[in-house]
Amino acid sequence: MEEFKLSTELSRNNWFGCLTDERDKLVASAFGASSKMVRAYLADYLRKISAVEPTLGKHYLTHEMVRLFDGHSISRPVTLNTDMISKFQRRVYRVLEQIPRGRVTTYGLISKHLGSAPRAVGGAVASNPWPLFVPCQRVVNGDLTIGNYGLCGSLDRTGTITKQNLLDREGVPIRGSQIDQRVLWNPTEKTD
DNA sequence: TCGAATATATAAC
DNA sequence: GTTATATATTCGA
């Protein structure tokens, strides 16, 4: 029976959690205001795929999460465990990984690029198992307002505020709740 | 398999 | 500002 490790860390009044497998691949990440919420969310996620309880421990990836939360890039590469996601999710996340730091794209542009529909993209982005590592905060509404952001599965106003703060620390210019059109990134752009 | 729900977009009023 | 509706994908009965 495979073992999974659940690691949490407190920084900046937020709890960060990583669920990793035996090969140190990242199965899922989560963050939020309380450690209880983060642990429950990740344990739930694990239960859906494996029917086991995680062992608790420390993992360096939680520290990398904090770096990402602060708007920096990670200092060590991460390998994602992609066993659980659908073909469509894979296509969407490949696009998300290409959005440059300091820029944003929209659900609509991604859907056009993939030949899909905005709501479908929204669904895939919403079920991103690796928030911060896969930068789903960089997907915003078509009118360049911030849009939604789920924290440990719950959608509310604090999620949107969190999303705005993340983008702000990444250098995205925002006035009020409007993002500057100049940082809009189109998936058809080359990323080299 | 089908009906309902979705972190949307667009057009019309 | 508000609605209506088109749309792809997912999930549960």
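In this report, we go over the structure that sits alongside the text. (Residues numbered from 1 in each chain as written. Chains lettered and ligands numbered in written order. Predicted model: local features only at pLDDT ≥ 70, side-chain atom pairs only at ≥ 80, totals over all residues.)

Overview of the nonpolar core
Now for step 1: L19 and L42 are the most contacted members of the largest nonpolar core, which totals 44 residues.
Now for step 2: A total of five residues in this core trace back to one element, the largest contributor, which is strand β3 (residues 26-32).
Now for step 3: Inspection of this core shows a minimum of three residues originating in each of domain 1 (5-69) and domain 2 (87-183).
Now for step 4: Once residues lying within four places of it in the same chain are set aside, the contact partners of L42 are L6, G17, L19, A28 and A30. (Core = buried A, V, L, I, M, F, W, Y, C linked by C-beta atoms within 7 Å. Buried ≥ 20, exposed ≤ 12 C-beta atoms within 10 Å, placed from the backbone. Helix = DSSP H or I, 4+ residues; strand = E, 2+ residues; numbered from the N terminus. Domains from an automatic or database assignment. Contact = placed C-beta atoms within 7 Å.)

Quick word on the protein's contact with DNA strand B
Now for step 1: Taken together, 19 residues form the shell around DNA strand B, and within it Y107, G108, A126, G142 and N148 come nearest.
Now for step 2: Breaking the surface near DNA strand B down by element, the ones donating at least two residues are α4 (107-114) and α5 (118-126).
Now for step 3: Considering every element that reaches the surface near DNA strand B, the biggest residue donor is α5, with six residues.
Now for step 4: Its residues assigned to classes, the surface near DNA strand B comprises eight nonpolar, 10 polar and one charged. (Near = placed C-beta within 6 Å. Nonpolar A, V, L, I, M, F, W, Y, C, P; charged D, E, K, R; others polar.)

Topic: the sheet that holds strand β1 (residues 5-11)
Now for step 1: One open sheet holds the four strands; their spatial order is β3-β2-β1-β4, and the pairing between them is mixed. Strand pairing shows two members of the sheet lacking a second neighbour, β3 and β4 (55-56), which therefore form its edges.
Now for step 2: Where strand β2 (residues 14-20) lies against β3, six bridges are found, and the strand directions are antiparallel. The partner of G17 across the bridge, within β3, is A30.
Now for step 3: Most of the contacts of helix α2 (residues 60-69) go to β2, to which it runs at about 135 degrees, and overall it touches β1, β2 and β3. (Pairing = 2+ DSSP bridges. Axes fitted to C-alpha atoms, helices over the stretch in contact; angles between N-to-C directions.)

Quick look at the pairing of β2
Now for step 1: Most of β2 sits inside the fold, with six of its seven residues counted as buried.
Now for step 2: Following β1, the chain reverses through two residues before pairing antiparallel with β2; R12 in that reversal takes a positive phi of roughly 55 degrees.
Now for step 3: Here β2 folds back onto β3, and the loop between the two strands holds five residues, one of which, D24, carries a positive phi near 65 degrees.

Focus on the protein's contact with DNA strand C
Now for step 1: Within the structure, DNA strand C sits among S86, F88, Q89, S116, A117, R119, A120 and G123.
Now for step 2: Elements supplying a minimum of two residues to the surface near DNA strand C: α3 (87-96) and α5.
Now for step 3: Its residues assigned to classes, the surface near DNA strand C comprises three nonpolar, four polar and one charged.

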